[in-house]
Amino acid sequence: MWFFTRESLHHQACARKQAERRRKIESLSSDYSCSPSVLEAKIHSLSISDLVTECHSGSLQPTSVLKVYAKKALQCHKATNCIADVMFEEASAVASNWDANSCTRQQEDIDRDTMQRAPSLMGVPISIKGKNLSNVHILWTFLAMTLLNVGLPARTSSAMVRLLQDTGALLHVKTTVPTGLLSLETMSDLFGRTTNPYDNGRTAGASTGGGAALVAGGGSKIEIGTDIAGSVRIPAHFCGLWSLKSSSGRFPAWGNRTSMPGLDSIPLVVSPLAGSLCDLREFCERVIQANPWRYDHTCVPLPWRTVNLQENGRKLKVGVIWDDGVIPPTPACKRALLMAVAALEKQGHEIFDFSPPKIHEGLQIGYQLLFSDGGLQITTALQQGEAVSPATKAILDLMSLPRPIKKILSCFIHSNDPLSSQLYDTLHAKTALQDRENVVARDLYRAEWHRRWTELGLDFILTVPIAFPAPANNESVKTTLMSAGYTFLFNLAMTHVDRSQDQLPENFFVTEQYKRLSLAGKGAYSVYDANKMHGLPVGIQVVGKKLEEEKVLEGMRIIENALRDIGTVFVNKTVY
């Protein structure tokens, strides 16, 4: 008689899922392994707007577009392990249907109104973050956790997936996510580790790291991710992409799975990643013009609004946050912010240092709300023996400690590191009353932000997405989740790490500046090495007000143009 432990069942389930993915890829036609032709390279270079226009006119067939991006996606996966599920056959069936419609239109005299009513994302290859729900016949839903996901098909399509299908998008792959999602690295027992396309010894970020690696490598036009504390913005920063954390209710989110269902105090929002700012803006406009509130009852019925921030020579008023009070930006990230400020100042925009409400206090409130269950929703979904990333494990281990022990640890480190001391003291399961008190504290904190923003008449705030470029694999335990302070509160890739400009001061680790850092700051700086990070992308974060996506995208365009005027043009490296 054979006896199986829960741990062995977990590993067997992982092996089955990996074998299933491998069989799908190996069974694909040999055409997918051929190098792209000159014509295919030209198709790959088209913007979203050009792709849709050519597919509408019939001069380009969606099946041809799909073939190009399928090839690229497989190249990306071979290099970074970024694909969780391959759906080329299903996407090909959809593309063939649009091909037939294109042939019909080619034979007709198409008027302008007919073209405007045509599917607005026709022929655009779009990948889906591994946790998003989708049609049972197309995608399998998972959170990289075997107990919840292996062998369980989604029962229905999410609102976003249905919108994309109706607008003609080609959903060709599902991308990898970390176990339980909350992580700075994309790794799981289910699919292994996803690496950075610029350097496979480094992380692509998380939890949308698989999608970021795919888009950065040219395997998808858009990745549909989600963001709660930086899950699209940090991977965009690490992989040289453009992203937008949307306001809650602006993009359809109904039907998406999360590792923390019911967490309304810090809403999870659907957010895209793109290889260019032009494509990011085009995608956002086309999604909102598709009336997403018809698909999702939680969406705000707010049409797309054209924004011109420089009408009649108007200048922007921009505040800059140089330091979140927890981890100051490393030299490469600070230089990126300095470049943006210099470019805007040269154009006459008003730039000044902004003193926000204490960011570490907002971070403390946020973490208490995020883990008000004591981490139970994640830990109870894990199989015996199932691993999470080092940083996630550190948080879960901390919350599992008895409160008296955490009290002692808090007192022990308070004099040297009051920020970490407070975290030790507050990270535990909350009663319903305590949770409501934290919601009140959150709202008071938001009100103070609003007051300062309004009094100064700000258009935007600029800051870094995170304090450092992409760290090496397994180093997230040193950076900790405390490093997400810049993104947890609240989107533009623009330069690369330069070993000649971005070195730490000589003997930095024995200076008073280093000694004054918190434990989280010292851990983060321990992973920074300008020589080893040379060539990695770094970005800045453009922060706007709620439901002002159009204004934020316009601000990003102004900053990009300002940087171009001073000779700084960031081009994402399509690696493969």
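Residues numbered from 1 in each chain as written. Predicted model: local features only at pLDDT ≥ 70, side-chain atom pairs only at ≥ 80, totals over all residues. Heavy atoms only, no water.

Quick reminder of the rule: UniProt positions are given in the numbering used here, feature names are shortened, and annotations may be inferred rather than shown by experiment.
The name an unreviewed UniProt entry gives the chain is Amidase domain-containing protein, with Gymnopilus dilepis as the organism. UniProt annotates the chain under Sequence similarities (unreviewed entry) with the comment "Belongs to the amidase family."

**Re the overall build of the chain**
Filter applied, for reference: Secondary structure is summarised from DSSP: a helix means a run of H or I of at least four residues, a strand means a run of E of at least two, and numbering begins at the N terminus for each. Exposure is judged per residue with a 1.4 Å probe applied to protein chains only, and the accessible area is read against the type maximum: over 50% gives exposed, under 20% gives buried, and values in between give partly exposed. Accessibility throughout is a Shrake-Rupley quantity obtained with a 1.4 Å probe, and a residue counts as covered only by protein chains that appear here.
From N to C terminus, the chain includes 23 helices and 15 strands. In the chain, which comprises 576 residues, the proportion classed as buried is 58%. Roughly 23500 Å² of accessible area belongs to the chain as shown, and the carbon and sulfur atoms make up 53% of that amount.

**Re the pairing of strand β2 (residues 125-129)**
Defined as follows: A strand pair is defined by DSSP finding two or more bridges across the two strands.
Burial analysis of β2 places five of its five residues in the buried class, the great majority of the element. Pairing of β2 with strand β3 (residues 170-175), which is carried by four bridges, proceeds in the parallel orientation. Bridge pairing links Ile126 to Leu171 in β3.

**A short note on the packing of aromatic side chains**
The condition that has to hold: Between rings of Phe, Tyr and Trp, where Trp is taken as its six-membered ring, a pair exists when centres lie within 6.5 Å; planes separated by under 30 degrees are stacked, by over 60 edge-to-face, and by other angles tilted. Put simply, a charge is over a ring when the Lys NZ or the Arg CZ is close to the ring centre, within 6 Å, and near the line of the ring normal, within 35 degrees.
Throughout the structure, instances matching the rule amount to eight aromatic pairs. Taken together, the ring pairs connect Phe508, Phe509, Tyr514 and Tyr525 into an aromatic cluster. Taking NZ or CZ as reference, Lys522 lies 5.7 Å from the ring centre of Tyr514, over its face. Its end group placed over the ring of Phe460, Lys551 keeps NZ or CZ at 5.9 Å from the ring centre.

**With respect to the pattern of salt bridges**
To be explicit about the condition: Salt-bridge detection follows one rule: a side-chain nitrogen of Lys or Arg within 4 Å of a carboxyl oxygen of Asp or Glu.
The full count for this structure, using the stated rule, is 25 salt bridges. Residue Asp199 pairs with Arg202 through a salt bridge whose shortest N-O separation is 3.4 Å. Judged by relative accessible area, which is 27%, Asp199 ranks as partly exposed. A salt bridge links Asp443 to Arg446; its shortest N-O distance comes to 4.0 Å. Linking Asp443 with Arg446, this pair stays in helix α18 (residues 432-456), spanning three residues, or about one helical turn. Within the structure, one salt-bridge network assembled from shared partners comprises Arg250, Arg305, Glu549 and Glu550.

**A word on the confidence of the model for the chain**
Going by this rule: The predictor rates its confidence in each residue with pLDDT, a number between 0 and 100. Any two residues whose heavy atoms approach within 4.5 Å at even a single point are treated as in contact.
Overall, the prediction assigns the chain a mean pLDDT of 85, with 88% of residues at 70 or greater. Ranking the elements of the chain by mean pLDDT puts helix α6 (residues 112-117) last with 46 and helix α11 (residues 277-289) first with 97. A low-confidence stretch, residues 106-116 (pLDDT under 50), is modelled with eight contacts involving residues beyond four sequence positions or located in other chains.

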